[in-house]
Amino acid sequence: MSATTGAAGGEPIITLEGVSKRFGSFQALRNINLEVHRGERIVICGPSGSGKSTLIRCINQLEHHQQGRIVFDGREIGPHAHGLDQIRREIGMVFQSFNLFPHLTVLQNCTLAPMKVRSTARAEAEALARRYLERVRIPEQANKYPGQLSGGQQQRVAIARALCMNPKVMLFDEPTSALDPEMVKEVLETMIGLAEDGMTMLCVTHEMGFARSVAHRVIFMDAGEIVEQAPPETFFAHPKSERTRTFLGQILPHG
Amino acid sequence: MNYTFHFGVVWDDWHALAWGTWLTIQLSASAMVLGLLVAIAGALGKTMGPKPVRWLVDAYVEAIRNTPFLVQLFLIFFGLPAAGLRMSANEAALFAMVVNVGAYATEIVRAGIENIHRGQVEAGLALGLRPLQVFRYVILFPALQTIYPALCSQFILLMLSSSVVSTISAQELTAAANDLQSRTFRSFEIYIVVTAIYLALSLAFSGTFAAIRRAVFVETGKR
Ligand SMILES: Nc1ncnc2c1ncn2[C@@H]1O[C@H](COP(=O)(O)OP(=O)(O)O)[C@@H](O)[C@H]1O
Ligand SMILES: [Mg+2]
């Protein structure tokens, strides 16, 4: 796939400088430094509990960091930052457990934020929603409730819902981990489609095939630190750290 | 037993009891609607408000749930005028019922809110909704849906306990019955009929609640 050749340039849209995060006395993130450029696609992997979710949740402040700086599109983000909601609306997020709103139809899930946050008129919001539902290839489910869909369909709705806010960046936290194997593919294909359209993406995932074909950069985390980062070819062929090699040995077929 | 029933007395004055029944329906329904609003505000304050607000809600809920309704009613009707707040018996009755059911329902709605998965709130925030918008559009409806049966039981209890307000001569079914009793002295017949009316009212409110549930809480499939 040509995705990896279009190496991302441009100014950073997200910058993390010396970010640390504790839960009580437990250090979940240690001195994280990271720059994400516009159009860049980053895959984050690492053992369970290594701080991957915490890292991307700090970017939209679902978790608040205690030290360091996070800058999004020129604006510093913090727990007391004014207009946190204004920054969040530009950062789409897809969760492992979908988190669709069960009492709203698929279409209403997609139009809620545009209508309430951006004051988009209903007709316009619905047209937008239908366009994105088309794009994730489930336009025919618009009037169903989330509980009536399969996991893969729900996750694609969740992606469409995030896209309806026209985010500048999309964050994915293990978007396929809760899915049955036969549904993983349809969600990954949707994400690859997004990548091809040039979306800036940070994906926590252990789908290494996806990382190889789509990512500009793979980041390996362990114990709250970024241990190693490299373009996928280098990352998989010549992992530098012993911890990375051990991890890859565990998750890649035939070690 | 050599008591001879004379239901004719009750029948002659049926319009007094019918009027009383209608007032009880009005009073109870008003207290339910207003009490629900109090409960939603209370649960919002308790779950999302700053510390002083949470304390205030706690104090309100505990004070009401640990004192008798009759005393609350007297305090409002006989006590508040001393503080310059004068109310008619009917107004005081409604006020006391709202304050009372609001406390119980606050606890019920709060439980419903806390039952909502954290991921729902996070999804709302991540989309850029402000916390109050998350409460209104994401949390409230599913919370009310889960606690709806408990809320309905509480509302039936409210309707039944409304008979207590006859003690301050507020106009409702029990007051109408007391009035009729003092004129005819046919207590047994009157209170048999009134008991039957309260039973019918409970069933009617239950039926209405079920109809509301079918109309409002649509079938949203498996979760
Ligand atoms: N809300 C929380 N309270 C306490 N500890 C937490 C919380 N969230 C995460 N942690 C801890 O922080 C560490 C990193 O968690 P997380 O970022 O979810 O890891 P990952 O996504 O890599 O599996 C884990 O050890 C986890 O137990
Ligand atoms: Mg995680």
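Residues numbered from 1 in each chain as written. Chains lettered and ligands numbered in written order. Predicted model: local features only at pLDDT ≥ 70, side-chain atom pairs only at ≥ 80, totals over all residues. Heavy atoms only, no water.

Observations concerning the overall build of chain B
Part 1 of the reasoning: Assigned secondary structure in chain B consists of 9 helices and 0 strands.
Part 2 of the reasoning: Reading the helices (α) and strands (β) of chain B from amino to carboxyl end gives α-α-α-α-α-α-α-α-α.
Part 3 of the reasoning: If one aligns the C-alpha atoms of chain B with their principal axes, the spans along those axes are about 75 × 50 × 30 Å.
Part 4 of the reasoning: With 223 residues in all, chain B has 45% of them scored as buried.
Part 5 of the reasoning: Counted over contacts in chain B with a minimum sequence separation of 6, partners at least 24 positions apart contribute 79%.
Part 6 of the reasoning: As presented, chain B carries roughly 11500 Å² of accessible surface, and 68% of it is formed by carbon and sulfur atoms. (Helix = DSSP H or I, 4+ residues; strand = E, 2+ residues; numbered from the N terminus. Buried < 20%, exposed > 50% of the residue type's maximum accessible area, 1.4 Å probe, protein only. Contact = heavy atoms within 4.5 Å. Areas by Shrake-Rupley, 256 points an atom, 1.4 Å probe, with all protein chains shown as cover.)

Some points on the overall build of chain A
Part 1 of the reasoning: Secondary structure summary: chain A contains 9 helices and 10 strands in total.
Part 2 of the reasoning: Radius of gyration (C-alpha) of chain A: 18 Å, near the 18 Å computed for a compact globule of 255 residues.
Part 3 of the reasoning: Dimensions of chain A, computed from C-alpha atoms along their principal axes, come out at roughly 55 × 45 × 35 Å.
Part 4 of the reasoning: Burial analysis of chain A (255 residues in total) assigns 59% to the buried set. (Rg over C-alpha atoms; globule rule 2.2 N^0.38 Å.)

Quick look at unusual backbone geometry
All names here are of chain A.
Part 1 of the reasoning: Even without being glycine, Arg 137 reaches a positive phi, approximately 65°.
Part 2 of the reasoning: Along the chain, Arg 137 turns up in the loop between α4 (122–135) and α5 (151–163).
Part 3 of the reasoning: Positive phi, normally seen in glycine, also occurs at Ala 223, with a value near 50°.
Part 4 of the reasoning: Here Ala 223 is to be found in the loop between β9 (217–222) and β10 (225–230).

Focus: the site of ligand 1
Residue and element names in this part refer to chain A.
Part 1 of the reasoning: The full set of residues close to ligand 1 is Phe 23, Phe 26, Ala 28, Pro 47, Ser 48, Gly 49, Ser 50, Gly 51, Lys 52, Ser 53 and Thr 54.
Part 2 of the reasoning: Backbone polar atom of Ser 50 to an oxygen atom of ligand 1: 3.2 Å apart, as the coordinates give it.
Part 3 of the reasoning: Here Gly 51 contributes a backbone N or O atom positioned 3.0 Å from an oxygen atom of ligand 1.
Part 4 of the reasoning: Going through the elements one at a time, β2 (26–37) and α1 (52–59) are the ones with two or more residues in the shell around ligand 1.
Part 5 of the reasoning: In terms of residue count, α1 provides more of the shell around ligand 1 than any other element does, 3 residues in total. (Near = heavy atom within 4 Å. Polar contact = N/O pair within 3.5 Å; in protein donor to acceptor, adjacent residues only side chain to side chain.)

Brief notes about the interface of chain B and chain A
Part 1 of the reasoning: At the interface, 22 residues of chain B touch 25 residues of chain A.
Part 2 of the reasoning: Interface area for chain B against chain A, summed over the two sides, is near 2100 Å², with a carbon-plus-sulfur share of 62%.
Part 3 of the reasoning: Linking chain B with chain A are 2 salt bridges.
Part 4 of the reasoning: A salt bridge links Glu 122 of chain B to Arg 57 of chain A; the shortest N-O distance between them is 2.7 Å.
Part 5 of the reasoning: Linking chain B with chain A are 5 residue pairs in polar contact (both at pLDDT 80 or more), by the criterion used here. (Buried area = accessible area lost by both parts, 1.4 Å probe. Salt bridge = Lys/Arg side-chain N within 4 Å of Asp/Glu carboxyl O.)

What to know about the sheet that holds strand β4 (residues 67–72) of chain A
Within a sheet, adjacent strands bond to each other through the backbone by hydrogen bonds, running parallel or antiparallel.
Residues and elements named next belong to chain A.
Part 1 of the reasoning: Strand order in this open sheet of 4 strands is β2-β1-β4-β5, and the pairing throughout is antiparallel. At either end of the open sheet lies a strand with only one pairing partner, and these are β2 and β5 (75–77). Ignoring which end each strand starts from, the neighbouring axes of this sheet average 25° apart.
Part 2 of the reasoning: Note: strand β1 (residues 12–23) against β2, 8 bridges, orientation antiparallel. Paired with Thr 15 across the strands is Glu 35, a residue of β2. (Pairing = 2+ DSSP bridges. Axes fitted to C-alpha atoms, helices over the stretch in contact; angles between N-to-C directions.)

Notes on the environment of Asp 73 of chain A
Residues and elements named next belong to chain A.
Part 1 of the reasoning: The topology assignment puts Asp 73 in the loop between β4 and β5.
Part 2 of the reasoning: Ignoring anything within four residues of it in the chain, the contact list for Asp 73 reads Ile 13, Arg 38, Glu 90 and Lys 168.
Part 3 of the reasoning: A polar contact is formed between the side chain of Asp 73 and the side chain of Lys 168, at a distance of 2.9 Å.

Examining the confidence of the model for chain B
All names here are of chain B.
Part 1 of the reasoning: Counting all residues, the mean pLDDT for chain B is 94, and 97% of those residues have values of 70 or more.
Part 2 of the reasoning: Mean pLDDT across the elements of chain B ranges from a minimum in helix α1 (residues 8–12), with 83, to a maximum in helix α3 (residues 51–65), with 98.
Part 3 of the reasoning: This complex was scored by the predictor with a pTM of 0.91 and an ipTM of 0.93. (pLDDT = per-residue confidence, 0-100.)

Considerations on the pairing of β10 of chain A
All names here are of chain A.
Part 1 of the reasoning: Taken together, the 5 bridges between β9 and β10 define a ladder with antiparallel strand orientation. Pairing of Ile 219 across the sheet is with Gln 229, part of β10.
Part 2 of the reasoning: Adjacent in sequence and paired antiparallel, β9 and β10 are bridged by 2 residues, among which Ala 223 carries a positive phi angle near 50°.

Brief notes about a nonpolar patch on the surface
Part 1 of the reasoning: Taken together, the side chains of Tyr 3, Phe 5, Phe 7, Phe 188 and Ile 192 of chain B define a hydrophobic patch exposed on the protein surface, amounting to about 430 Å² of accessible area.
Part 2 of the reasoning: In this fold, Phe 188 of chain B is placed in helix α9 (residues 187–216). (Patch = residues over 30% accessible without salt bridge, like charges linked within 9 Å, V, L, I, M, F, W, Y side chains within 5 Å.)

Some words on the sheet that holds strand β6 (residues 91–94) of chain A
Residues and elements named next belong to chain A.
Part 1 of the reasoning: Taken together, the 6 strands give an open sheet; going across it, the order is β6-β7-β8-β3-β9-β10, and neighbouring strands pair in mixed fashion. Both edges of this open sheet fall to β6 and β10, since each of them pairs with a single strand only. Across the sheet, the axes of successive neighbouring strands diverge by a mean angle of 20°, strand direction being ignored.
Part 2 of the reasoning: Judged from the 4 bridges that link them, strand β3 (residues 41–45) and strand β8 (residues 200–204) form a sheet pairing that is parallel. Looking across to β8, one finds that Ile 42 is bridged to Leu 202.
Part 3 of the reasoning: Across the sheet, α1 touches β3, β6, β7 (169–173), β8 and β9, and the angle it forms with β7 is around 150°.
Part 4 of the reasoning: α5 contacts β6 and β7 of the sheet and is inclined by roughly 170° relative to β6.

Describing the nonpolar core
Part 1 of the reasoning: One finds Ile 14, Leu 16, Ile 44 and Leu 202 of chain A together with Leu 17 of chain B to be the most contacted residues of the largest nonpolar core, which totals 97 residues.
Part 2 of the reasoning: Top contributing element to this core by residue count: helix α7 (residues 131–161) of chain B, with 16 residues.
Part 3 of the reasoning: For Leu 202 of chain A, the residues in contact, after removing those within four places along its chain, are Ile 14, Leu 34, Val 36, Ile 42, Ile 44, Ile 56, Ile 59, Val 169, Met 170, Leu 171 and Phe 172 of chain A.
Part 4 of the reasoning: One finds Leu 128, Leu 133, Val 136 and Met 199 of chain A within the second-largest nonpolar core, a separate group that totals 50 residues. (Core = buried A, V, L, I, M, F, W, Y, C linked by side-chain atoms within 4.5 Å.)

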